[in-house]
Number of protein chains: 2
Amino acid sequence: MKRSFIREILEHTTNQTISFAGGLPNESLFPYEALRDSGYRALSEPSSLQYTTSQGYRPLREKIAEHYTKQGFPTKSDEILITSGSQQALDIITRYYHSREITIEAPSYLGAMNVFNLNRLEQSAVTLETDGIDIDGFALSFQQSKLAYLIPDFQNPTGLTYSEEKRRAVAEHIENTGGILIEDSPYSELFFERSYPSISSMIPEQSYHLGSFSKVLAPALRIGWIRASEPLLQPLIPYKEAMDLHTNSVAQRIIADYLSDTEAFQRHLETLRSSYGQKMELFAKALDEFLPMFQYNKPKGGMFIYGSLDGISTSSLVQKCLQKDVVFVPGREFYLDGSIDNEIRFNFTNSSEDKIIEGLQIIHSVL
Amino acid sequence: MKRSFIREILEHTTNQTISFAGGLPNESLFPYEALRDSGYRALSEPSSLQYTTSQGYRPLREKIAEHYTKQGFPTKSDEILITSGSQQALDIITRYYHSREITIEAPSYLGAMNVFNLNRLEQSAVTLETDGIDIDGFALSFQQSKLAYLIPDFQNPTGLTYSEEKRRAVAEHIENTGGILIEDSPYSELFFERSYPSISSMIPEQSYHLGSFSKVLAPALRIGWIRASEPLLQPLIPYKEAMDLHTNSVAQRIIADYLSDTEAFQRHLETLRSSYGQKMELFAKALDEFLPMFQYNKPKGGMFIYGSLDGISTSSLVQKCLQKDVVFVPGREFYLDGSIDNEIRFNFTNSSEDKIIEGLQIIHSVL
């Protein structure tokens, strides 16, 4: 099995490396003091250290279900399965659908493509347009696969967001053909202006909606979830059980405790949104000034700015940059066939203003 | 996929249920105050909440490697991969060896048999004798499979321990035939009198040695590991990465912090050993008094007393007991073909003396 470029880079970077590579949240915004206090409370009784149920700690499932319901997507705690991050959610679901065909976006999330390979799914990639997936291409592919993996909010890697028309078109197509959607939403709360209705909420009996606390609270806790109707969710529980019995329940209790102060979490989300929005603007301004040949559109949320450098092989470029301690992800990594080689994904959340400018200047100097 | 009897039971028991079923540590012995303090220190800087490397938090890997080395099994931190409990270690390894044959003990650990099924391994079970696996049967099966899964210390479910002769015989056979051993050791530190050399230490280039903090510290933290030579370990890391990126690193930091007080951990282990030893004696005495027809040998460590009730179907018996709020695991669950139906596994660590007596009396009353 191939290692992912990003994970391998993570292991080879040092404190000196300017990294625009990983989807790393900005550490300075982690609510670590509040989480530390939650940790102290979560560990206040011995029973918090015992084995628990495979589906997950009920108070946390209840809080996640409430959040969906408040957003207009009625959800019960039994429709939630807690996972070790969204990555494991993808593994559980596609182990269940192993060896099937699956329709994905081109480009798509590398970690998803890796786990789909592991589960021997045959991936069929459909072009992503600026307002979402190409609907004709999607219809053609999905007719065959009856299973799709989409990231409609501030997509990884492109940062693109599906329009409401495209969301409805995708939902209608899935409803009419009787297939299944896996909707990955790790970034949906990280909007700069407004949120968007999930496609899953339009087809609740035909969708797995994946969420995560990695981008909005702390990746180290490895807490994600699957939201699905009980007929879709129940068959997954024996897989979760065979894979690791249950998700770390101390982390589940820490997050459940943290979420019990609803207002604090809302304030934290607002801080993230405004800070990341400003950071994106700052990165865009730096790009225009120090790497003006880079062509891109500003994202409406999330953690990435994606674009292209005409006539440049970015997979060669990154090797030269690595020697100067700067790293980004070349777009080729996000395509099944690696055919497109002039694109770059920049993470804008993790570096300081000084480092952003320094990093882009270095990239420019080795072009 | 079938749910495991034990996990399903766990979800259907209440606070009133007397459970001899799960391999649950005794909650009253969790060092939860020390772990809570470690948690507070582990969360004392924002960077502890960031993504980390797939192989695991280096200071924890170093501490585990030191422990092996002290025990006479020289180990480097790069020979350790941190996993979400031993269960995930089994999944990672057998995903790598998917669709192969594998030699296991009869009876064996249910969770292992489940994940071997998931990874489409063809299991061949060899009789477990009181001093370890039947060597002739092992040789015959291993010659074909070249892959074995054994639990030599205080085995689950039987509580049996391999003699040093059988350990050496198994190691020699594996060395001579060039195959691979997966040695599962969650209970090895829970000895009542003495510890035993691992088979892996005799064939370090041909073995995966699996350890876990679930039985000696706290299952909720879901921290286990694989110890293997780098040529065997490295190919597993991309699997770990595709499965969940990395193990919860807050839990990894909590344990690393806790282990830095080596003496406290040793004292804790000694408390567990003496307390579980006494509990085992107490359970055995209660069995002799209240369920005298139950035939068994006392284990030398671990968490289980295993034996048989002549002429009784224990899988029927457990259903009647469940109605009276007492539960154990019928032996049939631990056999591939379910052919043996008069055996029982009792967990002796989790119930109080009163509940043990009450539970055994109830079992006797419905016999």
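Each chain carries its own residue numbering, running from 1 in the written order of its sequence. Chain letters and ligand numbers both follow the written order, the letters beginning at A and the numbers at 1. Thresholds applied to this predicted model are a pLDDT of at least 70 for local features of residues and 80 or more for the giving and counting of side-chain atom pairs; totals over whole chains, interfaces and linings are not thresholded and use all residues. Heavy atoms throughout the structure, all of them, feed into the side-chain values; hydrogens and water do not.

## Regarding the overall build of chain A
Going by this rule: Under the scheme used here, helices are H or I runs from DSSP no shorter than 4 residues and strands are E runs no shorter than 2 residues, and both carry numbers assigned from the N terminus. Only C-alpha atoms enter the radius of gyration, while the globule expectation follows 2.2 Å times N to the 0.38, with N the number of residues. Only protein chains enter the accessibility calculation, which uses a 1.4 Å probe; a residue is then buried when its area is under 20% of its type maximum, exposed when over 50%, and partly exposed in between. Contact between two residues is taken to exist if any of their heavy atoms lie within 4.5 Å; hydrogens are not considered. The accessible surface values rely on the Shrake-Rupley method and a 1.4 Å probe; as for residues, cover is taken only from the protein chains in view. Positive charges come from Lys and Arg, negative ones from Asp and Glu, while His and the chain ends are left out of the count. In plain terms, the charge of a residue is placed at NZ if it is Lys, CZ if Arg, CG if Asp and CD if Glu.
Within chain A, the secondary structure is distributed over 13 helices and 14 strands. Taken over the C-alpha trace, chain A has a radius of gyration of 20 Å; the compact-globule value for 367 residues is 21 Å, and the two agree within 12%. Across its three principal directions, the C-alpha atoms of chain A cover 55 × 50 × 40 Å. Out of the 367 residues in chain A, the part that is buried amounts to 64%. For chain A, the proportion of contacts with a sequence separation of at least 24, taken over those separated by at least 6, is 75%. Carbon and sulfur atoms provide 46% of the accessible area of chain A, an area that totals close to 13300 Å². The average position of the 34 basic charges and that of the 47 acidic charges among the side chains of chain A differ by 3 Å.

## Things to note about the pairing of strand β7 (residues 180-184) of chain A
Residues and elements named next belong to chain A. Our working definition: Following DSSP output, two strands are said to pair if at least two bridges run between them. Looking down the strands as they point away from you, a crossover is right-handed if its path from the first strand over the helix to the second goes clockwise.
By the criterion of burial, β7 is predominantly enclosed, with 5 of the 5 residues buried. Both faces of β7 are covered, namely the face carrying Ile180, Ile182 and Asp184 and the face carrying Leu181 and Glu183. Bridge analysis of strand β6 (residues 147-150) against β7 gives 4 bridges, and the strand direction is parallel. Pairing of Leu150 across the sheet is with Glu183, part of β7. Following the chain from β6 across helix α7 (residues 164-177) to the adjacent parallel β7, one finds a crossover that is right-handed. Strand direction decides the pairing type here: β7 and strand β8 (residues 207-212), joined by 4 bridges, are parallel. Paired with Ile182 across the two strands is Tyr208, which belongs to β8.

## Regarding the UniProt feature "domain: Aminotransferase class I/classII large" (unreviewed entry) in chain A
Spelled out, the test is: UniProt positions are given in the numbering used here, feature names are shortened, and annotations may be inferred rather than shown by experiment.
When the UniProt feature table is mapped onto this chain, "domain: Aminotransferase class I/classII large" (unreviewed entry) is found at residues 33-360 of chain A. When the span residues 33-360 of chain A is considered, its composition is 42% helix and 17% strand, and the gap between its end C-alpha atoms is 33 Å.

## A short note on the interface of chain A and chain B
Note the following rule: Each of two parts loses accessible area, computed with a 1.4 Å probe, when they are put together; buried area is these two losses added. The working definition used for a salt bridge is a side-chain nitrogen of Lys or Arg within 4 Å of a carboxyl oxygen of Asp or Glu. Two N or O atoms form a polar contact when they lie within 3.5 Å of each other; inside protein one atom must be a possible hydrogen donor and the other a possible acceptor, and for residues adjacent in sequence the pair counts only when both atoms belong to side chains.
At the junction of the two partners, chain A supplies 62 residues and chain B supplies 62 residues. Carbon and sulfur atoms supply 59% of the area buried between chain A and chain B, which totals about 5700 Å² over both sides. With a closest N to O distance of 2.7 Å, Arg95 of chain A and Asp91 of chain B form a salt bridge. Taken together, the connections running from chain A to chain B amount to 22 residue pairs in polar contact (both at pLDDT 80 or more).

## Topic: the pattern of salt bridges
When the charged atoms of two side chains lie near each other, side chains of opposite charge can form a pair. All names here are of chain B. Under the defined criterion, the tally for this structure stands at 33 salt bridges over all chains. In this structure, the salt-bridge partner of Arg41 is Asp257, at a minimum N-O distance of 2.8 Å. One end of the pair, Arg41, is in helix α2 (residues 32-42); the other, Asp257, is in helix α10 (residues 249-259), with 216 residues separating them in the sequence. Given a relative accessible area of 47%, Arg41 falls into the partly exposed group. Its salt-bridge partner being Arg227, residue Glu79 comes within 3.5 Å of it at the nearest N-O pair.

## Considering α2 of chain B
In an α-helix, one full turn covers 3.6 residues, which means residues spaced three or four apart are oriented alike. The test is simple: Along the arc lie the directions from the helix axis toward the C-beta atoms.
Of all the residues in α2 of chain B, the buried ones are Tyr32, Leu35, Arg36, Ser38, Gly39 and Ala42 of chain B. When α2 of chain B is viewed along its axis, its buried side chains cluster within an angular range of 160° and face the same direction. Against α2 (32-42) of chain A together with α10 of chain B lie the buried residues of α2 of chain B.

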